[in-house]
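Secondary and tertiary structure notes
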Amino acid sequence: MSRVVILTLHSLFVEGVAARLRQHFPANEIQAVDAGEPAALSQVIVAKPAFVILAETDNDVECLVSALLNTLTTVTVLRLDPEHDHIQVVTSKQQTVGHLRELVEMIGSIT
């Protein structure tokens, strides 16, 4: 399993996703980074994640994603959209996911 970083503004939804992912993957492979902190980009880069999960569409998060895609060229960015019940792979395609099990399977298949 490769490291997963969750960019968060500390919403309850994100905390729930992180807790559920920790049930399926080693806890030390799931790291939350506060997207609002000035050092957020450097924290993500140091973590060397294979996946970055976004759950917020805040402007700060969007700017951070652009910088991540320019800096970490092999990272897969996943945007969660709970309102429309799907996950978007920012770097390549959009895929509808109905359950967390499908997210776990997606991450497992890419690693």
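Computed from a predicted model, the values in this text were never measured in an experiment.

Examining the overall build of the protein
Assigned secondary structure in the protein consists of four helices and six strands. Expressed as a percentage of the 111 residues in the protein, the buried residues total 40%. Long-range contacts, defined as pairs at least 24 residues apart, comprise 63% of the intrachain contacts of the protein with a sequence gap of at least 6. With the model as given, the accessible surface of the protein reaches about 6,000 Å², and the carbon-plus-sulfur share is 49%.

Observations concerning the confidence of the model for the protein
A low pLDDT score tells you not to read the predicted coordinates there in detail. Within the protein, residue pLDDT values average 78, and 80% of them lie at 70 or more. When mean pLDDT is compared element by element in the protein, helix H2 (residues 40-47) scores highest at 90, while strand S6 (residues 93-95) scores lowest at 49.

Topic: unusual backbone geometry
In this model, Lys48 sits at a positive phi of 50 degrees, which is unusual for a non-glycine residue. The topology assignment puts Lys48 in the loop between H2 and strand S3 (51-54).

A few points about the pattern of salt bridges
Applying the stated criterion across every chain yields a total of one salt bridge. In this structure, the salt-bridge partner of Arg101 is Glu105, at a minimum N-O distance of 3.7 Å. Residue Arg101 and its partner Glu105 are both found in helix H4 (residues 100-110); the two are separated by four residues, about one turn of the helix. Its relative accessible area of 47% is what places Glu105 among the partly exposed residues.

With respect to the environment of Leu72
Residue placement: Leu72 occurs in the loop between helix H3 (59-71) and strand S4 (76-81). You can call Leu72 buried: its relative accessible area is 15%. As for Leu72 and Ile45, which are separated by 27 residues in sequence, their C-alpha atoms are 7.2 Å apart. Each residue touching Leu72, except ones within four places of it in the same chain, is listed here: Val44, Ile45 and Pro49.

Comments concerning the environment of Asp81
Turning to its location among the elements, Asp81 is positioned in strand S4. With a relative accessible area of 22%, Asp81 lands in the partly exposed category.

What about helix H1 (residues 12-24)?
Relative to the 18 Å expected for 13 residues at 1.5 Å per residue, H1 spans 19 Å between its end C-alpha atoms, a close match to the ideal helical length. Buried within H1 we find Val14, Val17, Ala18 and Leu21. Axial view of H1: buried residues confined to an arc of 100 degrees, hence all on one face. Those residues of H1 that are exposed and angled more than 90 degrees off the buried face are Leu12 and Gln23.

Cut-offs applied
Residues numbered from 1 in each chain as written. Predicted model: local features only at pLDDT ≥ 70, side-chain atom pairs only at ≥ 80, totals over all residues. Heavy atoms only, no water. Helix = DSSP H or I, 4+ residues; strand = E, 2+ residues; numbered from the N terminus. Buried < 20%, exposed > 50% of the residue type's maximum accessible area, 1.4 Å probe, protein only. Contact = heavy atoms within 4.5 Å. Areas by Shrake-Rupley, 256 points an atom, 1.4 Å probe, with all protein chains shown as cover. pLDDT = per-residue confidence, 0-100. Salt bridge = Lys/Arg side-chain N within 4 Å of Asp/Glu carboxyl O. Expected span 1.5 Å × (residues − 1). Arc of directions from axis to C-beta.

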